[in-house]
Amino acid sequence: MIDESLKGDIISPDLSAERVVSILDKASRYWMNGERSESEDIEIVVRLLDRADVFEQHLAGAKDVINALARQAGLFPYYRESNSTADNLARAAHKAPGLINIYFHAAQREVFSLLQSGTNLVLSAPTSFGKTLLVDALIATNQPKSAVIAVPTIALLEERRRRLQKIFPEYQIVTQAYQEIGDGPFILLGTQERILEREELPETELFVIDEFYKLDLTRGDMRAKTLNLLLARYIHTDAQVYLLGPSLDRNPIEQESSTFSFFKTDYSPVAANIIYVEPSGTDPETLAKILNDISADSSLVYCRSPKSARTASQEVISRGYGKENDELSEIASWLRENYHPDWYLAAALEHGTGIHHGRVPRAIASLMVQLFNAHKLEVLFCTSTLIEGVNTAAKNVLIYDKFIDRRKLDRFTFNNIKGRAGRMFQHFVGNIFLFNPDAPTDPEQLDIPLLSDPHSLSEETLLQLSDENLSEKNRERRDAIIERTPVPEDILERFGRYGVGEIEAVLEDIFDLEAEDDDRLLWSGLGSYEGILATAEVLWGKLSFDKHDVRSASQFAFLANRLIKSSSIFEFITNSASEADQYGDVDTKIDKAFNFLRGAEYSFVEPFQLLQELTNLVFGEGSCDYSKFLADLASWGLPGRLKALEEFGVPAPILQRIEGYLNPEDIDESLAIIRNMLESERILEPIERLILKHTLEI
């Protein structure tokens, strides 16, 4: 247990030369005397580093003492060269190979040695450990011809794409399913869904899953199944596999014959103060007061859902929080003109706060992060979509809710949120405000059959594995599934993650329609409301997938038909939000419109592709073709592949306005054209240039 009196002395404003000598003496004797864990001892050094400049003002040479302690703690990213040749050599030994001016801390160096030897590794470490840096160093050192990296969110995908492109310009960074992989070295980067969307997965020398705890099948969601399917594709190949994630209580690898090693550490190069809010509970009055008290520093406010984030922002603003900023006001006006006049995000910006969740368009969500990191926004209200890996410059994290949507906050996500307080080289020590004292502490158990019990693989996973990668028992199980089902093997291999039983149920419905001479599924092109409704009715009743709060087939058909016929995103959202229906106030309707747009990008597409395959199987090849409808739906009406630029940081309304200047089939060329536009005042409006300079990081 850390000596609280020593922590109090370190942060005390009551300092003198004598007091600093006393604190440093106590900390030096305290260091690694065997009474605490290594992580607790390191925390004291981190706290001293946070106060080094202040201590130096009272005692010349204090920083040298703290520097020596940093070296002893293995905190080489913070260590400054000294007169000690031995210490400087130790620092040089922790240089990250192939990366400029980057040094490992001691635990990173240990893990990197394992990875460099070719070990398949499961790494369990705190959020602030620097697990991703090890991927960069491994690629820089081994220079594999190919790497596949799975990340949990699109927001993180885009951040990683930019990072990898800067570090490895010689590599082709592939993030879109349509991108062809060239002959040179490449890194395939994406969410599990995005990677599996490719018709053929490439062989690879390195396979990485970020946040491997999302493989846990007890989470009960489709994404866990999909991530397991992706792991199944590579776990038995020659690829080196690196699974990185949060601290676990026990090793998830239960197979004695496993080729994986498990490395667990609590080493963290940043520290955090835990502050229990009184009175406890999600009280907006208390939230507003705390935000006013800490307004000098940047703060993330974690909320359970998009609605919770929106409501918390509005309630804080109504209590007088925030300040005006001309730049943010200009951006807010642009949002009102291009998305919806009453969009609550615009109101938040006008008061110096931002909102980030899964329903905010990707380019605008990226803008929120860039504004926050540039200290234009003091507060960012967010959900777990920001927490999962996106780097922010937050000094404070306020955990306002204890749920994720309707589920209680699990320990992994809770620790991920906590880990966002503080950031190396910006905030040695962060602050975590807990509004609900009953933080999750129970040990988490992971159900990952691929790592623990290969004989209990799900049917969906078995269908993704080739015979040579299956035991005799699993081959027999796989053959039995294929033998008993009327669904062709090639369809099961492509769409099996939806479940064999569910696909069979859809197929049975189609056979029933054929028997009744019902041809409503037999359409092509953009379709009509009636045709879209008929297809949606088959899917909504039988197939499990993320429906993005679309509650019925008729609602889907109505919104899909509206999106395809809308001339702009503004038209689609304003019309959807003006409906006199039962779906709530204007804020709720705006959120629902954005949620539909998010589903249109991917979630709705693949189920319709499955239905097309099954319909053509029953009625005959070429009987239906939904590809034009699905392409228009996923692209939000933008021509060609321009919609992909939204992920890169170019908002859809700007793309719609300048599409005539771009090459719809070449994203790289179009992005280069947009960058060139930023140098001129001829095409883009001043506010558009301002937004793009933030989102494209120019």
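Structural data are supplied above this passage.
All of these numbers come straight from a predicted model, not from anything done at the bench.

(A) View of a negative patch on the surface. Together, E508, D512, E514, E516, D517 and D519 make up a region of like negative charge exposed at the surface. Mapped onto the fold, E516 is located in the loop between helix 22 (500–515) and helix 23 (529–542). The class of E516 is exposed, set by a relative accessible area of 57%.

(B) Representation of helix 11 (residues 222–234) in the model. If you check helix 11, its first and last C-alpha atoms are 19 Å apart, about what 13 residues at 1.5 Å a residue would give, namely 18 Å. For helix 11, the set of buried residues is A224, T226, L227, N228, L229, L230, L231, A232 and Y234. Those residues of helix 11 that are buried are in contact with strand 2 (146–150), helix 10 (192–196), strand 5 (206–210), strand 6 (240–245) and helix 19 (459–462).

(C) How the structure looks around the sheet that holds strand 15 (residues 429–434). With parallel pairing, six strands are arranged side by side in an open sheet as 8-15-12-9-11-10. Two strands close off the open sheet at either side, each with one partner strand: strand 8 (271–276) and strand 10 (353–356). On average, each strand axis in the sheet is tilted by 20° relative to the strand beside it, whichever way the strands run. Where strand 8 and strand 15 come together, six bridges link them in parallel fashion. Looking across to strand 15, one finds that I274 is bridged to I432.

(D) Representation of the packing of helix 23 against helix 24 (residues 553–565). For the pair helix 23 and helix 24, interaxial distance at closest approach is 8 Å and the crossing angle is 140°. In terms of their interaxial angle, helix 23 and helix 24 are classed as oblique. When the axes of helix 23 and helix 24 are compared, the crossing they make is right-handed. Within the contact between the two elements, helix 23 uses Y529, I532, L533, A536, E537 and W540 and helix 24 uses A553, S554, F556, A557, F558, A560 and N561. Of the residues contributing to the contact of helix 23 with helix 24, the split by class is 10 nonpolar, two polar and one charged.

(E) Quick look at the pattern of salt bridges. Summed over the entire model, instances satisfying the criterion amount to 37 salt bridges. D25 is the salt-bridge partner of R29, the closest N and O atoms lying 3.1 Å from each other. Here R29 and its partner D25 are both found in helix 2 (residues 17–30), four residues apart, which amounts to about one turn of the helix. By relative accessible area, R29 is classed as exposed at 57%. With a shortest N-O distance of 2.7 Å, R162 and E158 are connected by a salt bridge. In this pair, R162 and E158 both sit in helix 9 (residues 154–167), four residues apart, roughly one turn of the helix. Judged by relative accessible area, which is 6%, E158 ranks as buried. What emerges from the salt-bridge pattern is a single network uniting E158, R161, R162, K166 and E697.

(F) Fine view of the pairing of strand 10. Neither face of strand 10 is exposed, since T353 and I355 on one face and G354 and H356 on the opposite face are all buried. One ladder, built from four bridges, connects strand 10 with strand 11 (residues 379–382); its direction is parallel. Across the sheet, residue T353 finds its bridge partner in strand 11, namely V379. Between the parallel elements strand 10 and strand 11, the chain passes through helix 16 (residues 362–373) in a crossover that is right-handed.

Analysis parameters
Residues numbered from 1 in each chain as written. Predicted model: local features only at pLDDT ≥ 70, side-chain atom pairs only at ≥ 80, totals over all residues. Heavy atoms only, no water. Patch = residues over 30% accessible without salt bridge, like charges linked within 9 Å, V, L, I, M, F, W, Y side chains within 5 Å. Areas by Shrake-Rupley, 256 points an atom, 1.4 Å probe, with all protein chains shown as cover. Salt bridge = Lys/Arg side-chain N within 4 Å of Asp/Glu carboxyl O. Lys, Arg positive; Asp, Glu negative; His and termini not counted. Charge placed at Lys NZ, Arg CZ, Asp CG, Glu CD. Helix = DSSP H or I, 4+ residues; strand = E, 2+ residues; numbered from the N terminus. Buried < 20%, exposed > 50% of the residue type's maximum accessible area, 1.4 Å probe, protein only. Expected span 1.5 Å × (residues − 1). Contact = heavy atoms within 4.5 Å. Pairing = 2+ DSSP bridges. Axes fitted to C-alpha atoms, helices over the stretch in contact; angles between N-to-C directions. Parallel < 35°, antiparallel > 145°, perpendicular 65-115°, else oblique. Left-handed = near helix turned anticlockwise from the far one by under 90°. Nonpolar A, V, L, I, M, F, W, Y, C, P; charged D, E, K, R; others polar. Right-handed = clockwise from strand over helix to strand, strands pointing away.

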